[in-house]
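Fold and contact review
As a plain string of letters, each chain reads:
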Amino acid sequence: MKLELHKIHVSQLRFGPSTGLEGSCLTVNAEELRALLLEDSHLADVELDIAHPGDSVRIMPVKDAIEPRCKLEGPGEVFPGFIGPVETVGEGKTLVLEGMCVLTTGRLVAAQEGIVDMSGPGADYTPFSRTCNLAVVLHPREDVKLHEAEHACRIAGLKAAHYLAAHCKNHPADTVESYEAPSLREGLGAHGSLPKVAYIYMLQSQGLLHDTWVYGVDAKRILPTLISPTEIMDGAIISGNCVSACDKNNTYVHLNNPIIRALYDRHGKDLNFVGVVITNENVTLADKQRSSSYAVKLASMLGVDAVVISEEGFGNPDADLVLNCVKAEKAGIRTVLVTDEFAGANGASQSLADSCVEGDACVTGGNANATILLPPMQKVIGDIGQADVIAGGFFGSLKPDGSLEVELQAIMAATNELGFNRLGAYTI
Amino acid sequence: MPVVHMASIVPISQSVGANRIIPTVAIPHPLGDPTLDAAEEKALRRKLVEKALTALSTNVSEQTVF
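Note that the structure is a prediction, hence the values are computed from the model and not measured. (Residues numbered from 1 in each chain as written. Chains lettered and ligands numbered in written order. Predicted model: local features only at pLDDT ≥ 70, side-chain atom pairs only at ≥ 80, totals over all residues.)

**Topic: the overall build of chain A**
As a reminder, the rule being used: Counting from the N terminus, the helices are DSSP H or I runs at least four residues long and the strands are E runs at least two residues long. In this treatment the radius of gyration is a C-alpha quantity, and the globule benchmark scales as 2.2 Å times the residue count to the 0.38 power. By the convention adopted here, residues are in contact when the distance between their C-beta atoms, placed from the backbone, does not exceed 7 Å.
Within chain A, the regular secondary structure consists of eight helices and 25 strands. Relative to the globule expectation of 22 Å for 428 residues, the C-alpha radius of gyration of chain A, 21 Å, shows essentially globular dimensions. Oriented by its inertia axes, the alpha-carbon framework of chain A measures out at about 55 × 50 × 40 Å. Sequence separation of 24 or more characterises 78% of the internal contacts of chain A that already satisfy a separation of 6 or more.

**Topic: the sheet that holds strand β5 (residues 43–51) of chain A**
Residue and element names in this part refer to chain A. The line we're drawing: We call two strands paired when DSSP finds no fewer than two bridges between them. Here, axes are lines fitted to C-alpha atoms. For helices the fit covers the stretch in contact, and angles between N-to-C directions go from 0 to 180 degrees.
Spatially, the four strands line up as an open sheet ordered β5-β12-β10-β7, and their pairing is mixed. Here the strands that pair on one side only, and so sit at the sheet edges, are β5 and β7 (64–66). Each adjacent strand pair in this sheet contributes to an overall mean axis angle of 20°, direction not counted. As judged from the eight bridges shared by β5 and strand β12 (residues 132–140), these two strands associate in the antiparallel manner. When the bridges of β12 are listed, L43 appears paired with P140. Contacts between helix α2 (residues 146–166) and the sheet are confined to β5, β7, β10 (100–105) and β12, with β12 contributing the most and set at about 150° to the helix.

**Looking at the interface of chain B and chain A**
Each partner contributes to the interface: chain B provides ten residues, whereas chain A provides 13 residues. Of the residues forming the side of chain B that touches chain A, the biggest block, four residues, is contributed by helix α1 (residues 10–15) of chain B.

**Thoughts on helix α6 (residues 258–266) of chain A**
Residues and elements named next belong to chain A. What counts here: Counting other C-beta atoms within 10 Å of its own, a residue is labelled buried from 20 upward, exposed at 12 or fewer, and partly exposed in the gap between, with every C-beta atom placed from the backbone. Working note: the arc is built from the helix axis to C-beta atom directions.
All buried positions along α6 are accounted for by I259, I260 and L263. Down the axis of α6, the buried set is contained in an arc of 100°. They therefore lie on one face. Contacts made by the buried residues of α6 are with β14 (196–204), α4 (229–233), β19 (272–281), β20 (306–310) and β21 (334–341). G268 sits one or two positions beyond α6 and adopts a positive phi of about 85°.

**Some words on the sheet that holds β20(A)**
Residues and elements named next belong to chain A. Spatially, β17-β19-β14-β20-β21-β22 is the arrangement adopted by the six strands of the open sheet, whose pairing is mixed. Lying at the two open borders of the sheet, with one neighbouring strand each, are β17 (225–227) and β22 (362–367). Here the strands of the sheet are splayed against their neighbours by 20° on average, with no regard to which way each runs. Of the strands in this sheet, β14, β17, β19 and β20 are in contact with helix α7 (residues 285–302), which crosses β19 at around 170°. Strand contacts of helix α8 (residues 317–330): β14, β19, β20 and β21, with the helix running at about 165° to β21, the strand carrying the most contacts.

**Looking at the pairing of β21(A)**
All names here are of chain A. Rules: The crossover handedness rule: strands pointing away from the viewer, path from first strand over the helix to second strand clockwise, crossover right-handed.
With respect to burial, β21 is a largely interior element, six of its eight residues being buried. With five bridges joining them, β20 and β21 adopt parallel strand pairing. Across the sheet, residue V307 finds its bridge partner in β21, namely T335. Crossover handedness for the path β20 to α8 to β21: right-handed.

**Let's talk about the nonpolar core**
Residue and element names in this part refer to chain A. Put simply, the rule reads: Core membership is restricted to buried Ala, Val, Leu, Ile, Met, Phe, Trp, Tyr and Cys residues, and these are joined into a nonpolar core through C-beta atoms within 7 Å.
With 132 residues, the main nonpolar core has A299 and V307 as its most contacted residues. With eleven residues, the single largest contributor to this core is α2. Leaving out residues up to four positions away in the same chain, A299 has contacts with A198, I200, V277, V304, V307, A328 and I333.

Structure (structure tokens):
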């Protein structure tokens, strides 16, 4: 498999009569896009808005972030199972509108959605303050059930992202990146002396709207399996998560997984990146035991020397992380864990709900319980009334002047466990 | 005072230092099971509670999963 990412840099968004690019400015025909999204009868209304880096704008509650992509060549279409057919993706050419993002927002389905501040102190804590954002404010019909509303909002974000990219197909790319995903026979036989490394990619699958989808399949229903990293770049994994914003893997970070990027960067230099194993984080102990055993078995079958394991979310997924770690180490596979911490406001409490002595190489995305005061913004896109009920917010979070006192937990991707953000921590 | 920890993820119960541990059904419904009918679910719940009461009255010298 070989995938080329044809990247076009977008530095400005505006509304206008025809959707398309002029230089690095993307014009969006708002009425055309609204009409496309309103084809879904679950939605009563859709509003579109634009926010640029540095604007005095707060977007909340944000459900998902999606980078616009579409296929230029190759089988299938991006976001298989949702936008594209359930055809294997990850080959050919894919157009990427980088520097911009679709953020789905509005009063959605659950308390656990995030904040994106485009300026001020909060902007430092979210990577989406540095993208030009098209905010898609969704209003599901009142009579639509919760899970149907989540589904409608999830699809709307993917549709909008695909629509934007598909209207830029004739624009030349600024950069082209090429990613090879060779057969196992070829990959395992290459780079003889270098340590073989796989990536165990844990996907949130607790249910109750804490879900991830793989080719349209609910990840709680999968056994761990192999996936090509290039399939992930084409949107084979998408987020359906209404869960704490700081460390859920939204669709944008799945598409741009920094662990995969880093493994590619070092491939053939100091390691041989041989594959990705996706696994889940289900809600029964039997599921956790089965999935951890199966994921580690796949790594053993690959014969790898080491695995990088990333967690999604916190709390009981810490048990999945620890099970994956212990079983891999016992199988003779060295591990590096990537997680974040819920160590109390002062950082002095136990960081994870579970631990193990084998987990001696751990990367953290920071402490999500740390609090921050977000000053008022001139404009709020979405619904600021949600501040008191989002995870990381609390009664009284919203001050009379419009400022917010929240835990970092409430900020989109603040402590991302793929290393997507800039936050970290050190041991004292 | 003896304490019984009823929770679905045993390794976490062990990690937090519980001495008497009763494994339960699942995180969203530790003492229930929405796939069962009402009578079956009541029987399941009673069984778990009785197990917990037994654990509560049992002497233990180390972390014990009942």
